[in-house]
Amino acid sequence: MSTLFFDATVFTPHTVLERHAVAVADDGTIAFVGPAEDAPEVHGPHLNLRGRILAPGFIDIHVHGGNGIGFGEKDLLKGLTDYSRWVAGNGVSGFLLSIAAPSAAELTQMTGAYAAILGREMPGAEPLGLHLEGPFLNPEKKGAFNPAWLHTPSIEEAQGYLDAGKGWIRQMTIAPELPNAGPVANLLRKNGVTVALGHTNTDYETASRALRGDFVHVTHTFNAQSSFDHRTPGVFGAVLSSDYVTAELIADGVHVHPAPMKVLIRSLGTDRVVIITDAMTGAGLNEGTYWLAGNEVTVKDGRATLKNGTLAGSIATLDQCVRNVHQLVGFPLHEAVKMASLNPARAMGLGDRLGTIQPGKVASLTVIDEDVHVYLTMVKGKIVYNNL
């Protein structure tokens, strides 16, 4: 059904348009952006946004679940459907499923099971593919992962994941210092997978080489990585001195202090930082006990931790993270929105159809105000959440 948004503040790729209109065609694409008096005839709903912001839908490329749902647990289709419906209320129009498993056989099976259902129509946000966070991670920087789940990369194992994924694997996180990491990263890149450097204890030189090669993205910068020092700059130094890579930022205000958030964004620029949640099952729920990657996680006082105090994912939603980058870190709202929409779309090779409001792009949109309260989410031209 066609839709016309009018009296909107529109966040386009390069500017903010005040009191403009956006027309969505019957096929779910954006047909028009401009003054309302120039809009084409629309037979569907005419929605007066009363100056609210019409922005590209948020895209979370690193999330393990939320609202009691953990990816890879129990009934995969029901969990995916329920999560899709819930997360749309946070302004999210698309997401990757970050998954892990105790063994290669179980992860291959899980990958294949998701590949069989990811193309189905969902009631809310669109599942855009899979993110395999592991098992090729360094146990020295395991984060919340069980070290028994982690091991050395192999071409045969990676090819098994690719075969099972049938094109749905969008991203895989690998520690570049592990044996065979280079050839495996090259195989993945040749198959269209974004290879991310993460859960790594490597040095500056190894990280820099990787980021000049097949590693084109960085998993949750600062977290589960070798630290920065002016004589041993480590992974963070390699990220700051890189020229092209995109870097994730968990902007929940818990994983990273606002000051280093600002350092990262100022250094890489607002075109290369990707806001993520890294959220787990307890996101959106009350304090209590939940699970992540086979570990019991306690949610209390705004933090999700293992028994030893290690952070275990976040309980943030993506609208909260956008709000933090704007209000806590101090970047303009349209730039914060870009870091949660266009930048993740580009990083995952989806920028040709998602992440901006312009004619011909898919109409996956969200309506927010200056405080990033979400009023509406549209996915592929269909309104899936409405609180106008």
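Above this note sits the structure.
Being a predicted model, the structure only gives us computed values, none of them experimental.

**Q** Requested: an account of unusual backbone geometry, with residues and values cited.
**A** A cis amide bond links Gly134 with the next residue in sequence, Pro135, at an omega value of 15°. In this structure, Pro135 sits in the loop between β10 (126-133) and α3 (155-165). In this structure, Arg19 takes a positive phi of about 55° despite not being glycine. For Arg19, the location among the structural elements is in strand β2 (residues 16-24). Although it is not a glycine, His199 sits at a positive phi angle of roughly 45°.

**Q** Before we move on, could you go through the sheet that holds strand β16 (residues 288-292) and cite the residues and values that matter?
**A** The three strands lie next to each other as β16-β17-β18, forming an open sheet whose pairing is antiparallel. A single partner strand is all that each edge strand has here, and the edge strands are β16 and β18 (303-305). Strand-to-strand twist across the sheet, computed as the mean angle between neighbouring axes with direction ignored, equals 35°.

**Q** Provide a residue-level description of helix α7 (residues 258-268), including the pertinent values.
**A** Among the residues making up α7, those that are buried are Met261, Leu264, Ile265 and Leu268. Looking down the long axis of α7, one finds its buried residues gathered within 90° of arc, a one-sided arrangement. Looking at the buried positions of α7, the neighbouring elements they touch are α6 (234-240), β14 (246-250), β15 (273-276) and α8 (318-327). Phi for Gly269, located one or two positions after α7, is positive at around 90°.

**Q** Would you mind going over the packing of aromatic side chains in detail, with residue names and values included?
**A** Between two aromatic rings, the relevant description is the distance of the centres plus the angle of the planes. Per the counting criterion, the structure on display carries seven aromatic pairs. Centre to centre, the rings of Phe71 and Phe95 are 6.1 Å apart; their planes meet at 10°, and the pair counts as stacked. Residue Phe71 is located in the loop between β8 (69-70) and α1 (76-87), and its partner Phe95 is located in strand β9 (residues 92-99); the two are separated by 24 residues in the primary sequence. We classify Phe95 as buried; its relative accessible area is 0%. Between Phe136 and Tyr161, the ring centres sit 6.3 Å apart and the planes meet at 45°, which makes this aromatic pair tilted. With a gap of 25 residues between them, Phe136 in the loop between β10 and α3 and Tyr161 in helix α3 connect regions that are remote in the sequence. In textbook terms, an aromatic cluster arises when at least three aromatic residues are bridged by ring pairs, as seen for Phe71, Tyr83, Trp86 and Phe95.

**Q** Describe the nonpolar core, naming the residues involved and giving the relevant values.
**A** Formed by 77 residues in total, the largest nonpolar core has its most connected members in Phe58, Phe95, Leu97, Ile99, Tyr114 and Ile174. For this core, the leading source of residues is helix α4 (residues 181-190), giving five residues. In this view, Ile99 contacts Phe71, Leu107, Met110, Thr111, Tyr114, Leu130, His131, Leu132 and Glu133; residues no more than four positions away in its chain are not counted. Counting residues in hydrophobic clusters, the runner-up holds 16 residues, among them Ile30, Leu47, Ile357 and Tyr375.

**Q** Describe the pairing of strand β19 (residues 365-368), listing the residues and the values that go with them.
**A** Going residue by residue along β19, you find Leu365 and Val367 tucked away on one face and Thr366 and Ile368 tucked away on the opposite face as well. Here strand β5 (residues 53-56) runs beside β19; their pairing, made up of four bridges, is antiparallel. Its bridge partner being in β19, Leu54 is matched across the sheet by Val367. Where β19 lies against strand β20 (residues 374-379), four bridges are found, and the strand directions are antiparallel. Residue Ile368 lies in a different strand from β20, and its bridge partner there is Val374. Connecting β19 to the next strand, β20, in antiparallel fashion are five residues, including Val372 with a positive phi near 60°.

Definitions and limits used
- Residues numbered from 1 in each chain as written.
- Predicted model: local features only at pLDDT ≥ 70, side-chain atom pairs only at ≥ 80, totals over all residues.
- Heavy atoms only, no water.
- Helix = DSSP H or I, 4+ residues; strand = E, 2+ residues; numbered from the N terminus.
- Pairing = 2+ DSSP bridges.
- Axes fitted to C-alpha atoms, helices over the stretch in contact; angles between N-to-C directions.
- Buried < 20%, exposed > 50% of the residue type's maximum accessible area, 1.4 Å probe, protein only.
- Arc of directions from axis to C-beta.
- Contact = heavy atoms within 4.5 Å.
- Phe/Tyr/Trp six-rings, centres within 6.5 Å; stacked < 30°, edge-to-face > 60°.
- Core = buried A, V, L, I, M, F, W, Y, C linked by side-chain atoms within 4.5 Å.

Structural measurements only, silent on function.
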